[in-house]
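The lines below spell out each chain.
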Amino acid sequence: MVRRGLLLGGLSLALALPPLAAAVGLDYVVGIAARILIFALAGVSLNLILGYGGMVSFGHAAFFGTGAYVVAILGHHASAGDALVTWPFTIGGSDLAVIAWPMAMLVCGVLALVIGAICLRTSGLYFIMITLAFAQMLYFFFVALEPYGGDDGLSLAHPSRAWPIDLSDDRQFYYLVLALLLVILYLMRRLIASRFGLVLRGIRENERRMQAMGFATYRYKLAAFVISGAVAGLAGALIANHTEFVSPSFLDWRRSGEILVVVILGGMGTLYGPVAGAIAYLMLEEVLARWTEHWMIILGPLLVLVVLYAKQGLWGAVEKLSARR
Amino acid sequence: MSAPLLRIAGLRKAFGAVVASDGIDLDLAEGEVHALIGPNGAGKTTLIGQLAGEIRPDSGRIVFRGRDITALPAHTRAARGLARSFQITSLLPGMSALDNVALAVQAHAGHSFRFWRPASDEAAIREPAREALARVGLAHRMDMSAAALAHGEQRQLEIAIALASQPRLLLLDEPTAGMGAEDGARMVALLESLRGAVTMLLVEHDMDTVFALAERISVLVNGKIIASGAPAAIRGDPNVRRAYLGEEDA
């Protein structure tokens, strides 16, 4: 009951937020809410491998940031009117959402395939370190990428074109992000309950056992890693449209840590956990940062408490409450 | 005699100076229950590990159903009909007993790159899983998480997982380990009921279990098989008595 109430209440509030915000004259809240939803999407993508697959990736910002760069770079060439690649064939830029966003997912999916193929040969602590190493490599790649601003980053001339939706309008952008998050959540729900999802959860529980049963676990983990990377790329595409600016800091290891915190705080291996985690984390940041610049002093202990006393995070606690009734 | 189901030829594995398998030769006929006994540290679990594909031998060959499987990974061997239970209970603790077994069925029902249909709706997977659970006497524990089962029940679940894949050869690493008399007897009865249907290689310390089940026994000492034959012959073998069975009264 608690769970259902929270889900319906949360969804209603999410739908009603823009008119409510306008009514009380706090329009800027819509922008913050969109940002929260984008981080929730990034968290949902990480949760697939971290929460359901037991793979602790400390480099998820690599996909988030790369997705953002894909949109920014394609948009950059679209407004300059020149080509992105001239050999062996010509590829121009694009500021169309229907081209740039799937492209961000595709690029990140391929990137995850390459990185995952190597990283997934390790496990445990080594996996954490090698994913971090790859993310840092990409970080420095974008720092050195002078044609696209290098360290200074790259501004978008305008958000992606998504006719009939005007993404420069905060409310329209917010609703599009909300819709995408809901679609991805629904797809995740199907995936987790499917044969594939069952295998993934089995690998989290006991990979050796799964191999003895006859599963080529590596392939399933890699597939999950690729899906996760592609969805993180979509989140990145959205954040680029939200900030209308990208920089290497989008791939920073601290960003990877933030996405991890979102998932752990909200509840690893629960469908809605990352959404709850993103709301809690970013709201706390918003509120506490206004109060003191040392807001991490409060958030840190809070995270320790959650990890100690609520193994499955905020949403895990909600599910436990609902199960008891 | 027809070709053996499993043929082990000249298997060698050393960990540094310790030779765990020192030129092991062993044939298993289709349908037989074969026990592997030997003192602690004789290399029994290492041999099971090599058969299951978790440990790569230094040299020698393993032929299963007429094919050389020496270089194949564990999951491919499992796909060819080789199932195992672990000495230390190895389950998917956070998942229900039914999910544990359903995954074993699923592993042998084509690839699992299926992303849409809920696995719990698939009767073709769930029904054989329920049957395997019923066969080991766990039908009433179906929805309980594996971690919440009693120790004896967890061992039974191990067998159900192994059975669910409809194996040709079952590697059982101390199936009665840590069990009380009652659970032990139930496990022996369960394995007895599988006789003829599945070929079994049984590693066991409990001699009552060994002599109750085995048609043939091989004795492994220091990585070498020092005797192999019918239970009566093994019981009477002076080498075995000296090396292992009743050292104090030999």
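What you see is a predicted model; the values in this text were computed from it and never measured.

Engineer: How should I be thinking about the overall build of chain B in this particular structure?
Structural biologist: For chain B, the count of helices and strands is nine helices and ten strands. At 18 Å, chain B has a C-alpha radius of gyration in line with the 18 Å of a compact globule built from 250 residues. With respect to the principal axes defined by its C-alpha atoms, chain B has extents near 60 × 40 × 40 Å.

Engineer: What is the right way to read the interface of chain B and chain A from this model?
Structural biologist: Accessible area lost upon the coming together of the parts is a frequently used measure of interface size. Opposite the 29 residues of chain B that make contact, chain A presents 22 residues. Every element with two or more residues in the side of chain B that touches chain A is listed here: helix H2 (74–79) and helix H3 (97–106) of chain B. Here the side of chain B that touches chain A is composed, by residue class, of 17 nonpolar, eight polar and four charged.

Engineer: Would you mind showing me how to read the sheet that holds strand S1 (residues 6–15) of chain B here?
Structural biologist: Two pairing modes exist for strands in a sheet, parallel and antiparallel, and in both the strands are linked by backbone hydrogen bonds. Residues and elements named next belong to chain B. The strand order S2-S1-S4-S5 describes an open sheet built from four strands, whose pairing is antiparallel. The open sheet terminates on both sides in strands that have one partner only, identified here as strand S2 (18–28) and strand S5 (67–68). As judged from the eight bridges shared by S1 and S2, these two strands associate in the antiparallel manner. Its bridge partner lying in S2, Arg12 is registered against Asp22.

Engineer: Just checking my understanding: could you explain the packing of helix H1 (residues 2–23) of chain A against helix H13 (residues 313–324) of chain A for this structure?
Structural biologist: In helix packing, the relevant descriptors are the interaxial angle and the interaxial distance, both defined with respect to the helix axes. All names here are of chain A. Contact geometry for H1 and H13: axes closest at 7 Å, N-to-C directions at 130 degrees. Relative to H13, the element H1 lies oblique. The residues of H13 that touch H1, namely those facing Val2, Arg3 and Leu6, are Val318, Glu319, Leu321 and Ser322. For the contact of H1 with H13, the per-class residue count stands at four nonpolar, one polar and two charged.

Engineer: Where do I start with the packing of H3(B) against helix H5 (residues 151–164) of chain B in this structure?
Structural biologist: Residues and elements named next belong to chain B. It is at 7 Å that the axes of H3 and H5 come closest, and there the two elements cross at 25 degrees. Here H3 is positioned roughly parallel relative to H5, judged by the angle of their axes. Once H3 is placed against H5, the crossing between them reads as right-handed. Note on element contacts: H5 touches H3 through Leu157, Ala160, Ile161 and Ala164, opposite Ala97, Asn100, Val101, Ala104 and Val105. Its residues assigned to classes, the contact of H3 with H5 shows eight nonpolar, one polar and no charged.

Engineer: Can you walk me through the environment of Ile184(A) in this structure?
Structural biologist: Residue and element names in this part refer to chain A. Following the sequence through the fold, Ile184 ends up in helix H6 (residues 170–193). Judged by local crowding, Ile184 falls into the partly exposed class, with 17 C-beta atoms found within 10 Å. In the structure, Ile184 is positioned 143 residues away from Leu41 in sequence and 7.9 Å away in space, judged by C-alpha atoms. Not counting chain neighbours up to four residues away, the residues in contact with Ile184 comprise Leu41, Val44 and Val231.

Engineer: In this structure, what is going on with the environment of Ala14(A)? I would like to understand it.
Structural biologist: Residues and elements named next belong to chain A. Tracing the backbone through its elements, the reader meets Ala14 in helix H1. Using a count of 19 C-beta atoms within 10 Å as the deciding quantity, one classes Ala14 as partly exposed. In sequence terms Ala14 and Ala33 are 19 residues apart; their C-alpha atoms lie 8.6 Å from each other.

Engineer: Where do I start with unusual backbone geometry in this structure?
Structural biologist: Across residues other than glycine, the phi torsion is negative in most instances, and most of the peptide bonds are trans. Backbone torsion omega between Trp163(A) and Pro164(A) reads 10 degrees, so that peptide bond is classified as cis. Structurally, Pro164(A) can be placed in the loop between strand S3 (154–155) and H6. Within the chain, Gln166(B) stands out as a residue other than glycine whose phi angle is a positive 45 degrees. For Gln166(B), a count of 15 C-beta atoms within 10 Å puts it in the partly exposed group. In the Ramachandran plot, Glu174(B) falls in the positive-phi region, its phi being about 50 degrees despite a non-glycine side chain. By the secondary structure assignment, Glu174(B) is in the loop between strand S7 (169–173) and helix H6 (181–193). The exposure class assigned to Glu174(B) is buried, which follows from the 21 C-beta atoms found within 10 Å.

Engineer: Quick question: what am I supposed to make of the domain arrangement of chain B here?
Structural biologist: Residues and elements named next belong to chain B. Annotation of chain B at the domain level lists domain 1 (1–81 + 171–250) and domain 2 (91–166). Averaged C-alpha coordinates put domain 1 and domain 2 at centres separated by 26 Å. Taken together, the contact between domain 1 and domain 2 spans eight residues of the former and nine residues of the latter. Of all the secondary structure elements, the ones that give two or more residues to the side of domain 1 that touches domain 2 are H2 and H6.

Engineer: Quick question: what am I supposed to make of the sheet that holds strand S3 (residues 33–37) of chain B here?
Structural biologist: Residues and elements named next belong to chain B. Strand order in the open sheet formed by six strands is S6-S7-S8-S3-S9-S10, and the pairing between neighbours is mixed. The open sheet has two free edges, formed respectively by strand S6 (82–85) and strand S10 (224–229), since each of these has just one partner strand. The average angle at which neighbouring strand axes cross in this sheet is 15 degrees, direction not considered. One ladder, built from four bridges, connects S6 with S7; its direction is parallel. Bridging across to S7, Ala83 finds its partner in Leu170. On top of the sheet, helix H1 (residues 44–52) reaches S3, S6, S7, strand S8 (199–203) and strand S9 (216–221); it is set at about 150 degrees to S7, its chief contact.

Engineer: For this particular structure, what's the right way to read helix H10 (residues 253–266) of chain A?
Structural biologist: For an α-helix the count is 3.6 residues per turn, leaving residues at separations of three or four pointing the same way. Residues and elements named next belong to chain A. Taking 1.5 Å as the rise per residue, H10 with 14 residues should run 20 Å; its terminal C-alpha atoms sit 20 Å apart, in good agreement. For H10, the buried fraction is high: ten of the 14 residues fall into the buried class. The complete set of buried residues in H10 reads Arg255, Ser256, Glu258, Ile259, Leu260, Val262, Val263, Ile264, Leu265 and Gly266. As for H10, its buried residues are in contact with helix H2 (28–52), helix H3 (61–80), helix H5 (125–143), helix H11 (273–291), helix H12 (296–309) and H13. One or two steps after H10, the chain reaches Gly267, where phi turns positive at roughly 130 degrees.

Engineer: Explanation requested: the environment of Ala119(B) in the structure shown.
Structural biologist: Along the chain, Ala119(B) falls in the loop between H3 and helix H4 (123–135). Look at Ala119(B) and you get buried, because 21 C-beta atoms sit within 10 Å. The spacing of Ala119(B) and Asp99(B) is 20 residues in sequence and 9.4 Å in space, taken between C-alpha atoms. The residues contacting Ala119(B), other than those within four sequence positions of it, are Ala193(A), Ser194(A), Arg195(A), Leu198(A), Ala102(B) and Ile125(B).

Engineer: What am I meant to see in the confidence of the model for chain A here?
Structural biologist: Do not read the predicted coordinates in detail wherever pLDDT is low. Of the residues in chain A, 100% reach a pLDDT of 70 or more, and the chain-wide mean stands at 94. Mean pLDDT across the elements of chain A ranges from a minimum in strand S2 (residues 91–92) of chain A, with 85, to a maximum in helix H9 (residues 217–243) of chain A, with 98.

Thresholds applied
- Residues numbered from 1 in each chain as written.
- Chains lettered and ligands numbered in written order.
- Predicted model: local features only at pLDDT ≥ 70, side-chain atom pairs only at ≥ 80, totals over all residues.
- Helix = DSSP H or I, 4+ residues; strand = E, 2+ residues; numbered from the N terminus.
- Rg over C-alpha atoms; globule rule 2.2 N^0.38 Å.
- Contact = placed C-beta atoms within 7 Å.
- Nonpolar A, V, L, I, M, F, W, Y, C, P; charged D, E, K, R; others polar.
- Pairing = 2+ DSSP bridges.
- Axes fitted to C-alpha atoms, helices over the stretch in contact; angles between N-to-C directions.
- Parallel < 35°, antiparallel > 145°, perpendicular 65-115°, else oblique.
- Left-handed = near helix turned anticlockwise from the far one by under 90°.
- Buried ≥ 20, exposed ≤ 12 C-beta atoms within 10 Å, placed from the backbone.
- Domains from an automatic or database assignment.
- Expected span 1.5 Å × (residues − 1).
- pLDDT = per-residue confidence, 0-100.

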